[in-house]
Amino acid sequence: MKTIQFLFSLLMVTGLSAQGKELFNGKDLEGWTVYGTEKWYVEDGLLVSESGPDAQYGYLATDEYFKDFELSLEFLQEADGNSGVFVRSTIDGTKVSGWQVEVAPKGKHTGGVYESYGRGWLVKPEVEKELVLREGQWNTLKIRLMGDQLTSWLNGVQMVSINDEAIGAGEGAIALQIHDGGGIKVKWRNIKLVVPE
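About the criteria used
Residues numbered from 1 in each chain as written. Predicted model: local features only at pLDDT ≥ 70, side-chain atom pairs only at ≥ 80, totals over all residues. Heavy atoms only, no water. Helix = DSSP H or I, 4+ residues; strand = E, 2+ residues; numbered from the N terminus. Rg over C-alpha atoms; globule rule 2.2 N^0.38 Å. Buried < 20%, exposed > 50% of the residue type's maximum accessible area, 1.4 Å probe, protein only. Contact = heavy atoms within 4.5 Å. Areas by Shrake-Rupley, 256 points an atom, 1.4 Å probe, with all protein chains shown as cover. pLDDT = per-residue confidence, 0-100. Pairing = 2+ DSSP bridges. Axes fitted to C-alpha atoms, helices over the stretch in contact; angles between N-to-C directions.

Draft legend 1. Quick peek at the overall build of the protein chain. Scanning the protein chain for helices and strands turns up two helices and 15 strands. Since a compact globule built from 197 residues should have a radius of gyration of about 16 Å, the 16 Å found for the protein chain is in line with a globular shape. On the principal axes, the C-alpha backbone points of the protein chain span a range of 55 × 35 × 30 Å. The 197 residues of the protein chain split such that 47% are buried. Sequence separation of at least 24 residues holds for 63% of the intrachain contacts in the protein chain that already meet a minimum separation of 6. Element-wise, carbon and sulfur atoms account for 50% of the exposed surface of the protein chain, whose accessible area totals about 9,600 Å².

Draft legend 2. A look at unusual backbone geometry. Phi at Arg 88 takes a positive value of approximately 45°, unusual for a residue other than glycine. Note that Arg 88 resides in strand 7 (residues 83-92). Positioned with a positive phi, Asn 155 is a non-glycine residue whose angle comes to about 50°. Residue position: Asn 155 is located in the loop between strand 12 (149-154) and strand 13 (157-163).

Draft legend 3. Examining the side chain of Asp 164 more closely. Here Asp 164 shows up in the loop between strand 13 and helix 2 (165-169). Accessibility expressed as a relative area gives 11% for Asp 164, which makes it buried. Look past the residues within four positions of Asp 164 in its chain and what remains in contact with it is Arg 119 and Asp 148.

Draft legend 4. Examining the confidence of the model for the protein chain more closely. Chain-level pLDDT for the protein chain is 90 on average; 90% of the residues reach the 70-or-more range. Note on residues 1-17: pLDDT under 50 across the span, and 18 contacts to partners over four residues away in sequence or across chains.

Draft legend 5. A look at the sheet that holds strand 14 (residues 173-178). Across the sheet, which stays open at both edges, the seven strands sit in the order 2-5-14-7-8-9-10 with antiparallel pairing between neighbours. This sheet does not close on itself; its edge strands, each paired only once, are strand 2 (32-35) and strand 10 (120-123). With strand direction ignored, the average angle separating the axes of adjacent strands in the sheet is 25°. Sheet topology places strand 5 (residues 58-65) next to strand 14; five bridges connect them, and they run antiparallel. Bridge pairing in strand 14 links Tyr 59 to Gln 177.

Draft legend 6. Spotlight on the pairing of strand 7. In terms of burial, strand 7 is a largely internal element, eight of the ten residues being buried. Across eight bridges, strand 7 lies against strand 8 (residues 95-103) in antiparallel orientation. Note on strand 8: the bridge partner recorded for Val 85 is Val 101. The turn joining strand 7 and strand 8, which pair antiparallel and follow one another in sequence, is formed by two residues; a positive phi near 70° is taken by Gly 93. Pairing analysis gives five bridges linking strand 7 to strand 14, with the strands arranged antiparallel. Bridged to Gly 84 within strand 14 is Gln 177.

So this is what it looks like as structure tokens:
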């Protein structure tokens, strides 16, 4: 009974509903749009992102815009693994405006927040938290975005939390990234969104 009361209280505090939404159906890219020439495809129920022949930036963005939410997903990095999850973002060609929660090889600030074509790094995880990333294994990333506040967790460990007026004013989609340079492959699954009541 205490557990139920705690969960209810937690939902009330965060302002989030208990109902989640699957953003990836495990079959195709319905509800998403590809930007750029990099590869996005479904294989064995997994969403796969892979560098294409141009080795440029590529994005897979939700057709729907989301403002306040809690997003959870799992990723498995193969090869380089330099990627990210953009929030409240818009894309023109392969130029993105918005904020990225980093997904990268160990030591390159997974869970940190980067503003593309703007201020650059806004916050990086503490050095010891770089060890939370499980190389060659599935990792769980959670992003909570409420108003001006963005908080990220990797494998259950809070990586960063930032309050920023520009983020609060942002409007846009959720987008997965392939970094430029080639040789990148990342698999994704269980992409779930919880939105406010």
